[in-house]
Amino acid sequence: MKNEIKLVALDLDGTLLNSSKEISAENVSAIEAARKKDVHVVLTTGRPLVAIQPYLKRLEMLDFKDFSITFNGGLVQRNTGQIVSKKSFSYEQISAIKRLTTALDLPCDILSEEKVFVTKSAVASQYETLNKLLTFMKMDFADVPQNVVYNKIVSCTEKELLDQRLAEIPERYFEEFEVFKTQAKLLEFMPKGINKAYGLTQLIHQLDLKPENVMAMGDEANDLSMIAWAGYGVAMANAVPAVKEEAKIISDWTNDQHAVAKVLETYVL
């Protein structure tokens, strides 16, 4: 097994990061050791590349040979910025999602690379509190530019309201888009078929690897696709039940107990 794993895909929140949004020294050391064995370590996240720069710097993964999967698989990039694969929404699709969030009285923030178009909503968005490295621009939806890339849409509000409204979304939206929670207060929309497994599929073609060469670690609903797809899907001890059901390996440790380091030490190092 240890010789078979050539790429480790790591979710951030609830997985690599502890509750203080930091990478522990134990996780840093284990990742460094894995990379010395020529194992690719790839941050696999819903965030854009600019928002994960502090973590890439902490891990010293800023070279041309380093990759990240951002926007939940919508972008595959070298960590120097070059794009390997890109998928995004059309203006008609973001308009449809805006109509839905308006009907549900939910916030609607549209991400375009490092910019966030915060459209006016009945309930104020809390997304800026989660991603301070992005540029937030408040505006009417009618003023959202039509000549840009729409990477994803998020709705960030109190957990109780979000869970209530999530249950009210008509089934047709789940058929047309990828819709999932990535944190307790964060609901995300992606183009259909675009998820972390999709991004990893694009990347392994670039690296001449197979799914059985991949270990993927995660904890939330947006990690389900890559955990089911990878040869070694790993759920944190703090993972939601659906992720544990798909995982081939369930860690005994949480993200606050350096689970990433302990899994790497057991299966990779």
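Check the entry above for the structure.
Residues numbered from 1 in each chain as written. Predicted model: local features only at pLDDT ≥ 70, side-chain atom pairs only at ≥ 80, totals over all residues. Heavy atoms only, no water.

Draft legend 1. How the structure looks around the side chain of Asn195. Locating Asn195 in the fold gives a position in the loop between strand E11 (186-191) and helix H7 (196-207). Accessibility expressed as a relative area gives 17% for Asn195, which makes it buried. A distance of 2.9 Å separates a polar side-chain atom of Asn195 from the backbone nitrogen of Tyr198. The residues touching Asn195, leaving out its near neighbours within four places in the chain, are Asn72, Gly73, Glu178 and Ser225. (Helix = DSSP H or I, 4+ residues; strand = E, 2+ residues; numbered from the N terminus. Buried < 20%, exposed > 50% of the residue type's maximum accessible area, 1.4 Å probe, protein only. Polar contact = N/O pair within 3.5 Å; in protein donor to acceptor, adjacent residues only side chain to side chain. Contact = heavy atoms within 4.5 Å.)

Draft legend 2. The arrangement of the sheet that holds strand E3 (residues 67-70) in detail. If you walk across this open sheet you meet the eight strands as E5-E4-E3-E2-E1-E12-E13-E14, and the pairing is mixed. Unpaired on one side and paired on the other, strand E5 (83-86) and strand E14 (249-250) mark the two borders of the sheet. Bridge count between strand E1 (residues 7-10) and strand E12 (residues 214-218): four bridges; the pairing is parallel. The residue of E12 that forms the bridge with Leu7 is Val214. Sitting on the sheet, H7 touches E1, strand E2 (40-44), E3, strand E4 (75-78), E5 and E12, and the angle it makes with E3 is about 155°. (Pairing = 2+ DSSP bridges. Axes fitted to C-alpha atoms, helices over the stretch in contact; angles between N-to-C directions.)

Draft legend 3. Quick look at the nonpolar core. The biggest cluster of nonpolar side chains holds 32 residues, and the ones touching the most others in it are Val8, Leu10, Leu16, Leu43, Met215 and Met217. Those elements giving two or more residues to this core turn out to be E1, helix H1 (12-16), helix H2 (25-36), E2, helix H3 (53-58), E12, strand E13 (232-235) and helix H10 (259-267). No other element matches H10, which puts five residues into this core. Among the nonpolar cores identified, the runner-up in size contains 23 residues, and Phe89, Ile97, Phe117 and Met139 belong to it. (Core = buried A, V, L, I, M, F, W, Y, C linked by side-chain atoms within 4.5 Å.)

Draft legend 4. Local environment of the packing of aromatic side chains. Taken as a whole and judged by the stated rule, the model has four aromatic pairs. Taken together, the aromatic side chains of Tyr91, Phe141 and Tyr150 make up a single cluster linked through ring pairs. The side chain of Arg78 reaches across the aromatic face of Phe64, ending 3.7 Å from its centre. Seen from the ring of Trp253, Lys262 lies directly overhead, with NZ or CZ sitting 3.6 Å from the centre. (Phe/Tyr/Trp six-rings, centres within 6.5 Å; stacked < 30°, edge-to-face > 60°. Lys NZ or Arg CZ within 6 Å of the ring centre and 35° of its normal.)

Draft legend 5. The arrangement of the pattern of salt bridges in detail. In total, this model carries 13 salt bridges according to the counting rule given. Residue Asp140 is joined to Lys120 by a salt bridge in which the shortest nitrogen-to-oxygen separation is 3.5 Å. Here Asp140, found in the loop between strand E8 (135-139) and strand E9 (152-156), pairs with Lys120, found in the loop between strand E7 (115-119) and E8; they are 20 residues apart in sequence, far enough to count as distant. Given a relative accessible area of 35%, Asp140 falls into the partly exposed group. Of the residues examined, Lys120 reaches a relative accessible area of 60% and is grouped as exposed. (Salt bridge = Lys/Arg side-chain N within 4 Å of Asp/Glu carboxyl O.)

Draft legend 6. Representation of the packing of H2 against H10. Contact pair H2 / H10: the axes reach a minimum separation of 7 Å and the direction vectors enclose 30°. In terms of their interaxial angle, H2 and H10 are classed as roughly parallel. The way H2 lies across H10 gives a crossing that is left-handed. Taken together, the residues of H10 that come into contact with H2 (itself represented by Glu26, Asn27, Ala30 and Ile31) are Ala259, Val260, Ala261 and Leu264. Residues belonging to the contact of H2 with H10 are distributed by class as follows: six nonpolar, one polar and one charged. (Parallel < 35°, antiparallel > 145°, perpendicular 65-115°, else oblique. Left-handed = near helix turned anticlockwise from the far one by under 90°. Nonpolar A, V, L, I, M, F, W, Y, C, P; charged D, E, K, R; others polar.)

Draft legend 7. Representation of the pairing of E1 in the model. Because side chains alternate across E1, one face comprises the buried residues Leu7 and Ala9, and the other comprises Val8 and Leu10, equally buried. Inspection of the sheet shows E1 paired to E2 by four bridges, in the parallel sense. Within the sheet, the bridge partner assigned to Leu7 lies in E2 and is His40.

Draft legend 8. Structural view of the sheet that holds E11. The sheet built from six strands is open, its strands ordered E8-E7-E6-E9-E11-E10 with mixed pairing. Edge positions in the open sheet fall to E8 and strand E10 (177-183), since each of these has one partner strand only. Neighbour-to-neighbour, the strand axes of this sheet turn through a mean angle of 25°, independent of strand direction. Alignment of E10 against E11, held across six bridges, turns out to be antiparallel. Bridging from a neighbouring strand, Val179 pairs with Phe189 of E11. The strands touched by helix H5 (residues 159-166) within the sheet are E9, E10 and E11, with E10 carrying the most contacts at an inclination of about 155°.

Worth remembering: the numbers are spatial, not functional.
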